[in-house]
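# Coordinate inspection notes
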Amino acid sequence: MHDERKVGRFRDATGRVNLGIFTADGAVAAKGDLFSELEPFGNLHPYSDIFILPPLFPQKIVGIGSNYLGHILEMGRTKPSVPKMFLKPTSAVIGPNIAIELPPETVRVDHEAELGVVIGRRCSRVSLSEAMNFVLGYTVVNDVTARDFQKKDGVFARAKGFDTFCPIGPVILRSNSLAPRRVRCWVNDECRQDGNTDDLCFDIPTLVSFVSSVMTLQAGDVIATGTPSGVGPLLAGDRVVAEIEGIGRLENPVINRADRL
């Protein structure tokens, strides 16, 4: 069992990027790395004085589709017999408060709040009983999806792969507990998704074992475990918040990509 600290990365008032240990009041810079014990040093940086960065940039993000019964029903699908995997590129990763950009080619882009499982060390073909020994902890993922392209293409790469389509953060909760966690998503203060990881069709040990039977997982890889029902469209000007109980709130504005250029 890990010490259940919240860890991540932040830029301080001087512009320095730090690994950090996060508390209720701010973050303390730390020596070491995310995958071993971190040693705090220096003073507490209040949240008002820092900018939180993505906690990590994984080599790969493995998404799991159709993993909550409610979402399966709302999408008109059937429950898969094995976990339904896809990949999101690292180039899609952004952190808190960075804008999700709506591509001009799309007509519908949806939010999908998800629990992200962060792998702690390299693993391949691990058993169910061993799976949690390879979990570093958990983070919040918003698996942003161009729904029209998902339906049109029949595969997920384009729909899931646009730049900014994978907000991650704000921190990693170092834990290998399997305690249920509430998963919620708000758009402009309207709660659209409200689920619980206890309702996963394929639980976390099953996902780690299954994914590692297909591909070697490296330290820092993330498995996005699927989204509960209530997915819906994002529009320019929205603010979307994905929240996982006990981990944190991942908030991002939404803009048209053309507005940035």
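Structure's up top.
Notes on the structure follow. (Residues numbered from 1 in each chain as written. Predicted model: local features only at pLDDT ≥ 70, side-chain atom pairs only at ≥ 80, totals over all residues. Heavy atoms only, no water.)

What follows deals with the side chain of N18. With respect to the helices, strands and loops of the structure, N18 is situated in strand β2 (residues 17–22). Judged by its relative accessible area of 5%, N18 is buried. Leave out the neighbours within four places in its chain, and N18 touches G8, R9, F10, D12 and A29. (Helix = DSSP H or I, 4+ residues; strand = E, 2+ residues; numbered from the N terminus. Buried < 20%, exposed > 50% of the residue type's maximum accessible area, 1.4 Å probe, protein only. Contact = heavy atoms within 4.5 Å.)

With that settled, consider empty space enclosed by the protein. Applying the stated criterion to the full structure yields two cavities of 30 Å³ or more. Taken as a whole, the largest cavity encloses approximately 70 Å³ of empty space. Taken together, 16 residues form the lining of the largest cavity, with G65, S66, H71, E112 and K160 sitting closest to its centre. Of the residues that constitute the lining of the largest cavity, the class distribution is three nonpolar, seven polar and six charged. (1 Å grid on protein atoms, 1.4 Å probe; cavity = no way out; pocket = protein on both sides within 12 Å on 5 of 7 lines; lining within 4 Å. Points joined across faces, edges and corners; volume = space filled by probe spheres on them. Nonpolar A, V, L, I, M, F, W, Y, C, P; charged D, E, K, R; others polar.)

Volume-wise, the largest pocket comes out at about 310 Å³. Taken together, 17 residues form the lining of the largest pocket, with Y47, I52, P170, V171 and R249 sitting closest to its centre. Mapped by element, the contributors of at least two residues to the lining of the largest pocket are β5 (51–53), β14 (166–174) and β20 (248–256). Ranked by residues supplied to the lining of the largest pocket, first place goes to β20 with four residues. Grouping the amino acids of the lining of the largest pocket by side-chain chemistry returns 11 nonpolar, three polar and three charged.

By themselves, these observations are geometric and do not establish any function.
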